[in-house]
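Structural overview
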Amino acid sequence: MTDIFFLQSLGLMVVAAASLLLLSRPARVPSIVVFIVAGLLLGPATGLLTVTEAIDTISEVGIVLLLFLVGLELSLDKIRDVGRVAVIAGLGQVAFTALGGFGLSYLLGFPVIESIFLATALTFSSTVVVVKLLTQKEELDSLYGRIAVGIFLVQDLVVIVILTFLAGLGGTGTVDIGSVGMGVLSAFGGMGLLLLIALLAARYVLPSIFAWIAASLEGLFIWSLCWCFLLVVGAEMLHLSVEIGAFVAGVSLAQLPYSTELRRRVNPLMNFFIAIFFTGLGIQMELGAALDAWMPAIVLSLFVLIGNPLIFMWIIARLGYGERTSFLASVSVAQISEFSFIFAAMGMSAGLIDEGILSIIALVGLVTIGVSAYMILYNGPLYEIVARTGLLKVFGARPEGHDDQVAEPISGHVIVVGMNSLGLRLVRELAARGETVLAVDTDPSKLHRLDVPTLLGSIDNPGVLEESNLDEAKLVISALQIEDVNNLLAYRCRELGVPCSIHAFDRSVVRDLRQIGATHLMIPNNIGIKRIMWELRERGVIEP
């Protein structure tokens, strides 16, 4: 009976979340907001569900995978050139927002402890939401995108310190100075040990293991989860929160060349568990308490939506960046973080706050994540509107320069899939002819030898197809000897109207590829590179 109830509850949560996602898709509402609303409908609004221990457990797995993915986003190579602004702006904003949020919460009538939790929840911005939106806009690698990601890295490191401190309280809510001090020292000692293990492993152990397993994408995925849960278990043994272990695991793997592919593989699994976590959060909300405190929630939301960007705009402009870059980076951080929910949930478990404060934080999250999503999606027109008013000149940002412009995505390129001997020869021949070539393979060691743009991953992964900018390619060539992948690639190319040349490595695959609509087939008996180039020129696919 318990198992049936659990499955029914889980099914209701998934159906509610999926249905609302479908209904809200035209409005482009962030998924986190949709999941919380689904929980509100199932719990406080209708009373259909209450959170059980089993759902709590699966939500905890969602938190682990969420923080693992957040850690995977934090590659130091991506933000090396904006490290100074990330550190100064990140720490400066944390200090200003924490002080401002505490003062505002206290003036609104909240006690000191509750004001501290509210201020802390307002301090951090959402890595997951912003990275998804910037990826959707193809602006993650722009200057302002790199600045935003760098700021998130600094904020995430600060929040891990705070979570470590909270773990040191031992979940008892005690205020005895001696026991709290020992607990905090123990937690930070454990954190230092866990971080040392992760860094040493990332430097001396993980590269060789992942290089050995990289040929198998499924193996790469399983090994990454293995490492994640090893550190989660290690964190528990050191009396730390599982969130800390997952985050440290993600950061250590983010420094490896396989991090992009790992993010693609973990993301679908993480999305399911995150849907359960935030739907469960909505079910737990004391809607009455949140609505009773609607005025403080709106005031705090406005502080995040307006105060945070103003603080960042002032700091980033002081560091010499242009007006547009400063504005776009500042707008990107106008929401509270997934860490805010986790932090509040841990505070409630420790007996430091009640459901009412958790509900207010969730309400602030709904407002800020929802509004800021549109601010990010339409940040260009928003900048033009605000710039025309002359208000931005108050911040003293320098005029625009070339470094403020968003890099154009690759287009008019030739995608070559599979860096076997045939693929490598094709890449070199095409590059020698002056073509812009993007080489795709699952083995980073093969890509490192090339002097052309490369993409690590399997071409049958939707994320890889999107990153390759397939719809803007002038030609796609597959040197693979994998029938299913070649068929899928030929189908995708036909749907997008992109010419493709597929390696018909065996006579048995020729008929299917022709039926699918492959533009050109590389047949083994005619596989010479010069002949392939001649045939492609004759078909008008590449220029003479």
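Residues numbered from 1 in each chain as written. Predicted model: local features only at pLDDT ≥ 70, side-chain atom pairs only at ≥ 80, totals over all residues. Heavy atoms only, no water.

1. Some words on empty space enclosed by the protein
Going by this rule: With a 1 Å grid spanning the protein atoms alone, the term cavity applies to any set of points in which a 1.4 Å probe fits but cannot get out, the term pocket to an open set with protein on both sides within 12 Å along at least five of seven lines, and the term lining residue to any residue with an atom within 4 Å of a point. Grid points are joined across faces, edges and corners, and a volume is the space filled by probe spheres set on the points. Each helix is a run of DSSP H or I of at least 4 residues and each strand a run of E of at least 2, with the numbering of both proceeding from the N terminus.
Enumeration over the complete set of coordinates arrives at one cavity of 30 Å³ or more. Quantified by volume, the largest cavity comes out at close to 30 Å³. For the largest cavity, the full set of lining residues is L118, A121, L122, L300, I336, I361 and V364. For the lining of the largest cavity, the secondary-structure elements that each account for two or more residues are α5 (112–123) and α17 (355–377).

2. Observations concerning the pairing of strand β4 (residues 475–478)
What counts here: Buried, partly exposed and exposed residues are distinguished by accessible area as a fraction of the type maximum, computed with a 1.4 Å probe on protein chains only: under 20%, between the cut-offs, and over 50%, respectively. In this description, strands pair whenever DSSP reports at least two bridges between them. For the handedness criterion, the strands are oriented away from the viewer, and a crossover whose path from the first strand over the helix to the second runs clockwise is classed as right-handed.
The alternating pattern of β4 places L475 and I477 and V476 and S478 on opposite faces, both of which are buried. Pairing geometry for strand β1 (residues 414–417) and β4, over four bridges, is parallel. From the neighbouring strand, V414 faces β4, where its bridge partner is L475. The sheet contact formed by β4 and strand β5 (residues 500–503) spans three bridges and is parallel. Bridge pairing in β5 links I477 to S501. Considered for its hand, the β-α-β crossover made up of β4, helix α22 (residues 483–496) and β5 is right-handed.

3. Re the packing of aromatic side chains
As a reminder of what qualifies: In this scheme Phe, Tyr and Trp rings, the latter by its six-membered ring, pair at centre separations within 6.5 Å, and the angle between planes marks the pair as stacked below 30 degrees, edge-to-face above 60, and tilted otherwise.
Under the defined criterion, the tally for this structure stands at two aromatic pairs. Ring geometry for F102 versus Y106: centroids 6.1 Å apart, planes at 15°, classification stacked. One end of the pair is F102 and the other is Y106, both in helix α4 (residues 83–107) and four residues apart, which spans about a single turn. When its relative accessible area of 47% is taken as the criterion, Y106 is described as partly exposed. With a centroid separation of 5.7 Å and 50° between ring planes, the pair formed by F327 and Y383 is classed as tilted. Highlighted residues: F327 in helix α15 (residues 323–331) and Y383 in helix α18 (residues 379–389), separated in sequence by 56 residues. Across this residue pair, the class does not change: F327 and Y383 are buried.

4. Side note on the side chain of S9
What counts here: Residues count as neighbours in contact if any of their non-hydrogen atoms are within 4.5 Å of one another.
Looking at the element boundaries, S9 is found in helix α1 (residues 2–24). The exposure class assigned to S9 is buried, which follows from its relative accessible area of 1%. With sequence-adjacent residues up to four places away left out, S9 is seen in contact with L49 and I55.

5. So, the environment of G92
By the secondary structure assignment, G92 is in helix α4. The spacing of G92 and I311 is 219 residues in sequence and 8.4 Å in space, taken between C-alpha atoms. Not counting residues within four places of it along the chain, the set of residues in contact with G92 comprises V87 and I315.

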